[in-house]
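Chain and residue survey
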Amino acid sequence: DEVWRPLALTSRDAVVSMEAALVAQEQALEEARLLQTHYGDAAQAGKSSAHPSIADITAERFRSLRHAVDSRGLHWRLQLERHRTESLTLELEMRRCYSEELERNLEEWTARLREALQGGTDGSVEGK
């Protein structure tokens, strides 16, 4: 699992940088006033709905691309969290087994100690 971790982190970083690039492109388009708001007068609304402009088409494509990148980024984060959950579950299971082993060893050593103490007291009483 540790072999795939660098790949997953690199991929996540790539998705984050793609998201940042898309946001920068969208801001540049807004500054160039290529992205039109849909809150215009009725004539503009009728005109844009009948024949969408290149700016509207471009804006819609960028929105779609951005949603796709966001979706992919969320998918990567979900996969990373699943990996973490699996790793923590495995670690928890290993710790549980180790704890049970320690409890068995403690019981065994406690029993040996009792036997040694009982043997020592029994032997000292018989010797008298």
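Residues numbered from 1 in each chain as written. Predicted model: local features only at pLDDT ≥ 70, side-chain atom pairs only at ≥ 80, totals over all residues. Heavy atoms only, no water.

Once that is clear, we can look at the overall build of the protein chain. Summing up its helical and strand segments, the protein chain has 3 helices and 0 strands in all. Each helix and strand of the protein chain, placed in order from N terminus to C terminus, yields the pattern α-α-α. The buried share among the 128 residues of the protein chain stands at 11%. Carbon and sulfur atoms form 59% of the exposed surface of the protein chain, whose accessible area is close to 10,800 Å². (Helix = DSSP H or I, 4+ residues; strand = E, 2+ residues; numbered from the N terminus. Buried < 20%, exposed > 50% of the residue type's maximum accessible area, 1.4 Å probe, protein only. Areas by Shrake-Rupley, 256 points an atom, 1.4 Å probe, with all protein chains shown as cover.)

Time to look at the pattern of salt bridges. A complete count under the given rule lists 7 salt bridges for this structure. Between Arg 63 and Glu 60 there is a salt bridge, with its nearest N and O atoms 3.1 Å apart. Here Glu 60 and Arg 63 lie together in helix α3 (residues 54–127), a separation of 3 residues that amounts to about one turn. Here Arg 63 falls in the partly exposed class, since its relative accessible area comes to 31%. Glu 91 is the salt-bridge partner of Arg 95, the closest N and O atoms lying 2.8 Å from each other. Remark: Glu 91 and Arg 95 occur in helix α3; sequence separation between them is 4 residues, near one turn of the helix. In this structure Glu 91 comes out as partly exposed when scored by relative accessible area, which is 35%. If you follow the salt bridges from partner to partner, you end up with Glu 93, Arg 96 and Glu 100 in one network. (Salt bridge = Lys/Arg side-chain N within 4 Å of Asp/Glu carboxyl O.)

Take the packing of aromatic side chains next. What describes a pair of aromatic rings is the distance from one ring centre to the other and the angle between the planes of the rings. All chains considered together, the criterion is met by 0 aromatic pairs. Lying over the aromatic face of Trp 109, Arg 112 brings its terminal NZ or CZ to 4.8 Å of the ring centre. (Phe/Tyr/Trp six-rings, centres within 6.5 Å; stacked < 30°, edge-to-face > 60°. Lys NZ or Arg CZ within 6 Å of the ring centre and 35° of its normal.)

For the protein chain, per-residue confidence averages 78 on the pLDDT scale, and 77% of positions sit at 70 or higher. Within the protein chain, the lowest mean pLDDT, 51, falls on helix α2 (residues 42–50), and the highest, 86, falls on α3. Contacts from residues 38–43, a stretch scored under 50 in pLDDT, to residues over four places away or in other chains number 2 contacts. (pLDDT = per-residue confidence, 0-100. Contact = heavy atoms within 4.5 Å.)

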